[in-house]
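What follows is the residue order along each chain.
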Amino acid sequence: MSSVTASLHRPQRWTWRRPGVAAALVLGTPIWASVVMLVSLHTPVLAQVQSIDFAQERPSAEVRAVAHGVMQSGDHQALPFVLVDKHHARVFVFDRHGHLQGASPALLGLARGDEGVAGIGDRPLSSIQPWERTTPAGRFVATMGRNVADQAILWVDYEQGISLHPVRPHPAKERRLQRLASPEPDDNRISYGCINVPVAFWQKVVVPTFAQQIGVVYVLPDTLPLSAVFEMPLAP
């Protein structure tokens, strides 16, 4: 089974902080670990269907299809959720009712691809090859946590060391702040797989949305069709 497919079928494995993990991949201990294990990834909440609200944003057709699929199927289980558009290097954060809380450019994995690399979260950064630096596609239960440097992060895929967190300006040669400000999505491919957002967006949108509850992150694919990544019915 591919890592993309596997991510749809298993709950995230949350364990205590382990020594020797690459610090830049921001592995740490989620604060809602006991709650995450209780959340089924396959049992949608059956509630009144609500429409998605993108406010003034003009997302791609793929983002709209996934967003409408989430709300119509209840796949998010009435939890806040995030859509990550890798093609356009943008992140959309919604509350549990499908109301947009904010949208922002984001930095993503250097390499294009939708599969993760097994065990990459336990490897030193110096051993990770450029083609391994992907942001895996899929549906992930998300929870706030802290990395080995005691910095706040939003866990996306703990096993692969993938999180959403505020951008950090180091190493300076990667010019991450400048890349975030670039209008070209290609400039936003630089990370080891984590999703980097502006500090202000993190503080004003991500933290208030997820500080007291778990949520769901949907990472849209680079190359795979949406139907190969998401099991819910997608809006046309």
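Quick caveat: nothing in here was measured; it's all calculated off a predicted structure.

Reading the values: rules and limits
Each chain has its residues counted from 1, following the order in which its sequence is written. For a predicted model such as this one, the threshold for reporting local features is a pLDDT of at least 70, and the threshold for listing and counting side-chain atom pairs is 80 or more; totals across whole chains, interfaces and linings nevertheless cover every residue. Based on all heavy atoms of the structure, the side-chain values leave hydrogens and waters out of the count. Runs of E in the DSSP output that reach at least two residues are strands. Runs of H or I that reach at least four are helices, and both are numbered from the N terminus. Confidence scores here are pLDDT values: one per residue, from the predictor, ranging 0 to 100. Contacts are assigned to residue pairs with any non-hydrogen atoms lying within 4.5 Å of each other. The definition of a nonpolar core used throughout is a set of buried Ala, Val, Leu, Ile, Met, Phe, Trp, Tyr and Cys residues joined through side-chain atoms within 4.5 Å. The buried label goes to any residue with under 20% of its type's maximum accessible area, the exposed label to any with over 50%, and the partly exposed label to all in between, with areas taken from a 1.4 Å probe on protein chains only. Strand pairing is defined by DSSP finding a minimum of two bridges between the two strands. In protein, a polar contact requires one atom able to donate a hydrogen and another able to accept it; more generally it is a pair of N or O atoms within 3.5 Å, and residues adjacent in sequence count only if both atoms are side-chain atoms. Basic side-chain nitrogens of Lys or Arg form a salt bridge, by our definition, when they fall within 4 Å of a carboxyl oxygen of Asp or Glu.

(A) Expanded view of the environment of Gly-145. Relative to the helices and strands, Gly-145 resides in strand E6 (residues 138-147). When the C-alpha positions of Gly-145 and Trp-155 are compared, they lie 6.5 Å apart, and in sequence the two are ten residues distant.

(B) Local environment of the confidence of the model for the chain. Averaged over all residues, the pLDDT of the chain is 82; the fraction at 70 or higher stands at 79%. Low pLDDT, under 50, characterises residues 1-42; the predicted model gives this stretch 125 contacts beyond four residues in sequence or across chains.

(C) Quick look at the nonpolar core. By size, the foremost hydrophobic cluster in this structure holds 24 residues, and its most contacted members are Val-66, Phe-81, Leu-83, Phe-94, Tyr-218 and Phe-230. Those elements that place two or more of their residues in this core are helix H3 (61-73), strand E2 (81-85), strand E3 (90-94), strand E11 (215-219) and helix H6 (226-229). Looking at this core element by element, the count peaks at six residues for H3. When neighbours within four sequence positions are excluded, Phe-94 is seen to be in contact with Ile-52, Asp-53, Phe-54, Pro-80, Phe-81, Leu-83, His-99, Leu-100, Gln-101 and Thr-209. Core analysis: the second largest hydrophobic core is formed by 23 residues, Leu-108, Ala-142, Val-156 and Trp-202 among them.

(D) Main features of the pairing of E2. In terms of burial, E2 is largely enclosed, as five of its five residues are buried. Burial of the side chains of E2 extends over both faces: Phe-81, Leu-83 and Asp-85 are buried on one face and Val-82 and Val-84 on the other. With five bridges joining them, E2 and E3 adopt antiparallel strand pairing. Its bridge partner lying in E3, Leu-83 is registered against Phe-92. Between the end of E2 and the start of E3, which pair antiparallel, lie four residues, with Ala-89 showing a positive phi angle near 50°.

(E) Geometry of unusual backbone geometry. For the bond running from His-170 to Pro-171, omega is 0°, close enough to zero to count as cis. Residue Ala-78 is not a glycine yet carries a positive backbone phi of 60°. Here Ala-78 is to be found in the loop between H3 and E2.

(F) Structural detail: the side chain of Ser-73. Here Ser-73 is to be found in helix H3. A polar contact is formed between the side chain of Ser-73 and the backbone oxygen of Gly-69, at a distance of 2.7 Å.

(G) Highlighting the pattern of salt bridges. Evaluation of the coordinates by the stated rule reveals ten salt bridges. When the shortest N-O distance is used, the salt bridge between Lys-86 and Asp-222 registers 3.2 Å. With Lys-86 in the loop between E2 and E3 and Asp-222 in the loop between E11 and H6, the pair connects residues that are 136 residues apart, well separated along the chain. Asp-222 shares its class with Lys-86; the two are buried. The residue Arg-133 makes a salt bridge to Glu-174 at a minimum N-O spacing of 4.0 Å.

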